[in-house]
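# Breakdown of the fold
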Amino acid sequence: MIKITLANEEHLDELARLFNLYRIFYEQKDDIDRARDFIKNRLTNEESIIFISTDGSEKLNGFVQLYPSFCSVSTIPILILYDLYVDQNHRGKGIGRLLMNQASKHAKDNGFKRLELSTAITNVIGQSLYESLNYQRDKDFYHYALELDD
């Protein structure tokens with residue numbers, strides 16, 4: 001049975017493993033130490049909300065990471081759903097949907113008024129999941145990013 005729970009520091013090693021796989025999926029270098037440090041800082045500093053998925057074994061099989069923010073125009077608190085990942089050996093079991101539903105429940109239960117996410121144009125499977133959960137593709141705004149030198 002799949003169980004979704006809020007992550008804490010006791011999940012760090014397994015969560016770092018999954019986060020590293022997530023980064024590799026997005027064509028980043030395999031770097032477990034960097035993944036571990038990043039997740040540890042988010043948990044320690046309470047800068048994100050991370051839900052994890054397990055089937056009762058010691059290994060985690062998925063996670064979703066949320067960042068609290070605000071929408072200035074609507075003057076409301078929002079959550080940015082930045083990371084969603086399901087281990088490739090556990091895909092097709094509805095884990096992504098369970099994690100997304102937990103994110104929505106958490107947002108509603110904690111006074112957030114909207115969940116926002118971005119995904120790669122090539123992530124057709126993810127887009128299908130999001131749209132099946134009634135997420136609406138933005139047709140009014142473009143997403144831009146500026147890489148800053150170190």
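Cut-offs and rules
- Residues numbered from 1 in each chain as written.
- Predicted model: local features only at pLDDT ≥ 70, side-chain atom pairs only at ≥ 80, totals over all residues.
- Heavy atoms only, no water.
- Pairing = 2+ DSSP bridges.
- Helix = DSSP H or I, 4+ residues; strand = E, 2+ residues; numbered from the N terminus.
- Axes fitted to C-alpha atoms, helices over the stretch in contact; angles between N-to-C directions.
- Contact = heavy atoms within 4.5 Å.
- Expected span 1.5 Å × (residues − 1).
- Buried < 20%, exposed > 50% of the residue type's maximum accessible area, 1.4 Å probe, protein only.

Read from one edge to the other, the open sheet built from five strands follows the order β1-β2-β3-β4-β5, with strand pairing classed as mixed. The open sheet has two edge strands with one neighbour each: β1 (3-6) and β5 (114-117). Neighbour-to-neighbour, the strand axes of the sheet open up by a mean angle of 30 degrees, direction not taken into account. Inspection of the sheet shows strand β4 (residues 76-86) paired to β5 by four bridges, in the parallel sense. Across the sheet, residue Leu81 finds its bridge partner in β5, namely Leu117. Here helix α1 (residues 12-25) sits on the sheet and contacts β2 (49-54), β3 (60-71) and β4; the angle it forms with β3, its principal contact strand, is near 75 degrees. Across the face of the sheet, helix α2 (residues 32-44) comes into contact with β2 and β3 while running at roughly 55 degrees to β3.

Further remarks concern α1. Spanning 14 residues, α1 covers 20 Å between terminal C-alpha atoms, matching the ideal 20 Å at 1.5 Å per step. Taken as a whole, α1 has its buried residues at Leu12, Glu14, Leu15, Ala16, Leu18, Phe19, Asn20, Tyr22 and Arg23. Phi turns positive, to about 65 degrees, at Glu27, one or two residues after α1.

Structural measurements only, silent on function.
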